[in-house]
2 protein chains.
Amino acid sequence: MNSFAPTEQRLAVTCRLQPAFPREPAVLVRLIKHLYKRVHDDANALLKPWGISHPEYNILMMLYGTEGYTLNPSQLAEAAGEKSANITRLADSLCEKGLIERTASDEDRRKVSLTLSRQGLAMIDDFMPAICTLLERQTAGLKPAETAQLERLLKKFLDQLERD
Amino acid sequence: MNSFAPTEQRLAVTCRLQPAFPREPAVLVRLIKHLYKRVHDDANALLKPWGISHPEYNILMMLYGTEGYTLNPSQLAEAAGEKSANITRLADSLCEKGLIERTASDEDRRKVSLTLSRQGLAMIDDFMPAICTLLERQTAGLKPAETAQLERLLKKFLDQLERD
DNA sequence: TCCATATATTTCATATATGAAATACATACA
DNA sequence: TGTATGTATTTCATATATGAAATATATGGA
């Protein structure tokens with residue numbers, strides 16, 4: 001019996017009381033929320049010794065996965081799934097810690113470039129083993145075929161959410 | 001091409017730079033985050049006319065799905081996926097709006113009962129059609145078999161996250 | 001009874017995130 | 001050129017969420 005069972009039970013009651021209430025979508029949405037909270041909390045706990053949060057980690061990793069380790073705030077907002085006002089704040093925090101650098105773009109002077117610093121790179125190398133272990137453990141219960149299937153279905157779900 | 005493609009591309013780069021970095025778990029975790037943000041934002045936008053947030057909605061619905069429309073804060077924390085300190089705040093807000101009532105338990109005087117009020121019930125009936133429409137639309141891209149499969153896999157994923 | 005320990009909830013200071021307005025620059029075109 | 005419109009980012013006030021400590025009650029022995 002997992003932590004989701006009581007939630008599921010309550011959704012079943014709702015379906016009885018409200019015949020139009022669609023069980024499957026409601027269950028999926030609630031599962032997504034439970035999963036997100038858990039993943040978020042676990043990552044925050046793991047990263048605490050490095051003094052960064054999960055959203056800050058995501059920003060570092062999106063820069064890391066980019067040619068030249070550089071992105072604009074707006075690209076970062078999309079890649080990391082954050083609002084642009086939040087990117088400003090997170091970037092401020094990462095700058096103060098010396099993990100990224102903020103420079104003005106000269107092709108387009110409205111734009112700003114956020115670049116991983118030497119220290120940021122070093123920190124990624126440092127926490128990478130722990131991150132890899134966490135990620136492996138989080139999906140240890142799924143067979144490779146299941147993982148692939150789950151990825152496919154989640155993408156399809158996201159596609160639908162983003163339609164209009 | 002959806003909003004997730006750039007993120008996925010960056011994870012692929014990370015896999016090249018860090019051979020130990022496990023692609024599949026990282027992609028799943030990132031997908032969960034993107035999905036959650038979207039679902040959360042959409043629900044907040046839909047509920048705005050009723051003056052409640054997505055977390056507040058979740059609390060109302062968990063009470064609605066319970067015998068006697070009543071739960072303790074700690075049960076609510078688990079059901080709604082919120083921390084208990086947050087339940088206090090959300091319950092305060094819902095009380096002020098007259099949607100729930102807070103009463104002391106007399107079997108165990110540490111406990112508090114949160115009960116859906118007549119007004120809370122009426123509000124649920126009022127927003128229910130819009131919520132049903134949103135939920136249907138969110139999963140319109142998935143076939144019934146896919147939805148069922150997705151539910152199964154997400155539960156398995158959550159089970160694993162909650163192990164240890 | 002008394003005490004140690006555990007559970008339920010709240011408080012409070014602080015951290016995190018948001019929308020809307022403000023700022024600055026770019027682009028198109030009359 | 002001048003002006004309207006669009007895009008990129010930040011600012012700021014406010015909303016939302018958290019951890020850790022505080023409060024109150026319960027429970028199980030010694």
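In this numbering scheme, every chain counts its residues from 1 along its sequence in written order. Each chain takes a letter, starting from A, and each ligand takes a number, starting from 1, following the order in which they are written. Predicted model: local features are reported for residues with pLDDT of at least 70 only, side-chain atom pairs are reported and counted for 80 or more only, and whole-chain, interface and lining totals are derived from all residues. As a rule here, side-chain values cover all heavy atoms of the structure and leave hydrogens and water aside.

### Looking at the interface of chain B and chain A
Listed per partner, the contact involves 80 residues of chain B and 80 residues of chain A. The term buried area means the drop in 1.4 Å probe accessible area that two parts suffer when joined, counted for both and summed. Both sides together, the interface formed by chain B and chain A hides about 8,100 Å², and carbon and sulfur atoms give 63% of it. By the criterion of area lost to chain A, the three top residues of chain B are R10(B), K33(B) and L161(B), representing 9% of everything that side buries. Salt bridge criterion: a side-chain nitrogen from Lys or Arg within 4 Å of a carboxyl oxygen from Asp or Glu. Linking chain B with chain A are 14 salt bridges. Here K33(B) makes a salt bridge to E82(A), at a shortest N to O gap of 2.8 Å. Any pair of N or O atoms that falls within 3.5 Å is considered a polar contact. Within protein, one atom must be able to donate a hydrogen and the other to accept it, and sequence-neighbouring residues count only if both atoms are side-chain atoms. Linking chain B with chain A are 32 residue pairs in polar contact (both at pLDDT 80 or more), by the criterion used here. Looking at the side of chain B that touches chain A, the elements with two or more residues in it are α1 (5-17), α2 (23-47), α3 (54-64), α4 (73-80), α6 (118-138) and α7 (144-162) of chain B. Taken together, the residues that form the side of chain B that touches chain A break down as 39 nonpolar, 16 polar and 25 charged. Contact between two residues is taken to exist if any of their heavy atoms lie within 4.5 Å; hydrogens are not considered. By definition, any uninterrupted DSSP run of H or I lasting at least four residues is a helix, any uninterrupted run of E lasting at least two residues is a strand, and each is numbered from the N terminus. Residue polarity is assigned by list, with Asp, Glu, Lys and Arg as charged and Ala, Val, Leu, Ile, Met, Phe, Trp, Tyr, Cys and Pro as nonpolar; anything else, Gly included, falls into the polar class.

### Some remarks on the protein's contact with DNA strand D
Taken together, 20 residues lie around DNA strand D, and S74(A), R102(A), R110(A), R89(B) and R110(B) are the ones closest in. Working definition: residue near molecule or strand if any one of its non-hydrogen atoms lies within 4 Å of it. Looking at DNA strand D alone, sugar and phosphate atoms form 74% of those within 4 Å of the protein. A distance of 3.2 Å is found between a phosphate oxygen of DNA strand D and a backbone nitrogen or oxygen belonging to R109(B). A distance of 3.5 Å separates a sugar or linking oxygen of DNA strand D from a polar atom in the side chain of R110(B). The set of elements that each furnish at least two residues to the surface near DNA strand D consists of α4 (73-80) and α5 (84-96) of chain A together with α5 (84-96) of chain B. A total of four residues in the surface near DNA strand D trace back to one element, the largest contributor, which is α5(B).

### Considering the sheet that holds strand β1 (residues 70-71) of chain A
All names here are of chain A. Two strands form a pair only when DSSP identifies at least two bridges running between them. Within the open sheet, the three strands sit side by side as β1-β3-β2. Their pairing is antiparallel. In the strand order of this sheet, the two ends are held by β1 and β2 (100-104), each with one partner. Sheet topology note: the β1/strand β3 (residues 112-116) ladder contains two bridges and is antiparallel. Bridging from a neighbouring strand, L71 pairs with L114 of β3.

### Let's talk about the protein's contact with DNA strand C
Near DNA strand C lie 21 residues; those nearest to it are R89(A), P73(B), S74(B), R102(B) and R110(B). For DNA strand C, the fraction of protein-proximal atoms (within 4 Å) that sit in sugar or phosphate groups is 75%. Measuring from a phosphate oxygen of DNA strand C, one finds a side-chain N or O atom of S74(B) at 2.5 Å. Take V112(B): an N or O atom from its main chain is 3.2 Å from a phosphate oxygen of DNA strand C. Taken together, the elements giving at least two residues each to the surface near DNA strand C come down to α5 of chain A together with α4 and α5 of chain B. When residues of the surface near DNA strand C are assigned to their parent elements, the largest contribution, four residues, is made by α5(A). Here the surface near DNA strand C is built from residues that sort into six nonpolar, five polar and ten charged.

### Re the nonpolar core
We call a set of buried Ala, Val, Leu, Ile, Met, Phe, Trp, Tyr and Cys residues a nonpolar core when their side-chain atoms join them within 4.5 Å. Each residue is placed in one exposure class: buried if its accessible area under a 1.4 Å probe, protein chains only, is under 20% of its type's maximum, exposed if it is over 50%, and partly exposed if it falls in between. If you look at the biggest cluster of nonpolar residues, it comprises 100 residues, and the most contacted ones within it are F21(A), F127(A), L154(A), F21(B), F127(B) and L154(B). Setting aside chain neighbours within four positions, we find F127(B) in contact with L47(B), W50(B), I52(B), Y57(B), L60(B) and M61(B).

### Notes on the pattern of salt bridges
Side-chain pairs of opposite charge can arise whenever the charged atoms involved come near each other. Inspection of the entire model under this criterion finds 30 salt bridges over all chains. Residue E146(A) pairs with K143(A) through a salt bridge whose shortest N-O separation is 3.9 Å. Among the ionic contacts, a cluster of salt bridges with common partners joins E8(A), R23(A), E24(A), E151(B) and K155(B).

### A closer look at unusual backbone geometry
Here Y69(A), not a glycine, exhibits a phi torsion of approximately 55°, which is positive. Considering the arrangement of structural elements, one finds Y69(A) in the loop between α3 (54-64) and β1.

### Looking at the sheet that holds strand β2 (residues 100-104) of chain B
Residue and element names in this part refer to chain B. With respect to topology, three strands assemble into an open sheet ordered β1-β3-β2, the strand pairing being antiparallel. Two strands bound the open sheet, and with one partner strand each, they are β1 (70-71) and β2. Here α5 sits on the sheet and contacts β2 and β3 (112-116); the angle it forms with β2, its principal contact strand, is near 115°. Axis definition: a line fit to C-alpha positions, over the contact stretch in the case of helices; interaxial angles, taken between N-to-C directions, run 0 to 180 degrees.

### As for the UniProt feature "domain: HTH marR-type" (unreviewed entry) in chain A
As recorded in UniProt, the sites labelled "domain: HTH marR-type" (unreviewed entry) are residues 25-159 of chain A. Span residues 25-159 of chain A is 68% helix and 9% strand, its end C-alpha atoms 15 Å apart. UniProt positions are given in the numbering used here, feature names are shortened, and annotations may be inferred rather than shown by experiment.

### Observations concerning the relation of the copies chain B and chain A
The operation relating chain B to chain A is a screw motion whose rotation component is 180°, with 0.0 Å of axial translation and a residual RMSD of 0.0 Å. Expressed as a symmetry operation, the mapping of one chain copy onto the other fits a two-fold axis. Fitting of the copies onto one another was done by least squares over C-alpha atoms, counting residues only where both copies have pLDDT of at least 70.

### Let's talk about the packing of aromatic side chains
Two rings from Phe, Tyr or Trp (for Trp, the six-membered ring) form a pair when their centres are within 6.5 Å of each other. A pair whose planes differ by under 30 degrees is stacked, one over 60 is edge-to-face, and the rest are tilted. Taken as a whole, this structure holds seven aromatic pairs over all chains when the rule is applied. Measuring from centroid to centroid gives 6.0 Å for W50(B) and F127(B), while their planes differ by 85°, and the two rings are edge-to-face. Here F127(B) lies in helix α6 and W50(B) lies in the loop between α2 and α3, a separation of 77 residues in the sequence. Note on F127(B): relative accessible area 0%, which makes it buried. An aromatic cluster is present here, built from W50(A), Y57(A) and F127(A) joined pairwise through their rings.

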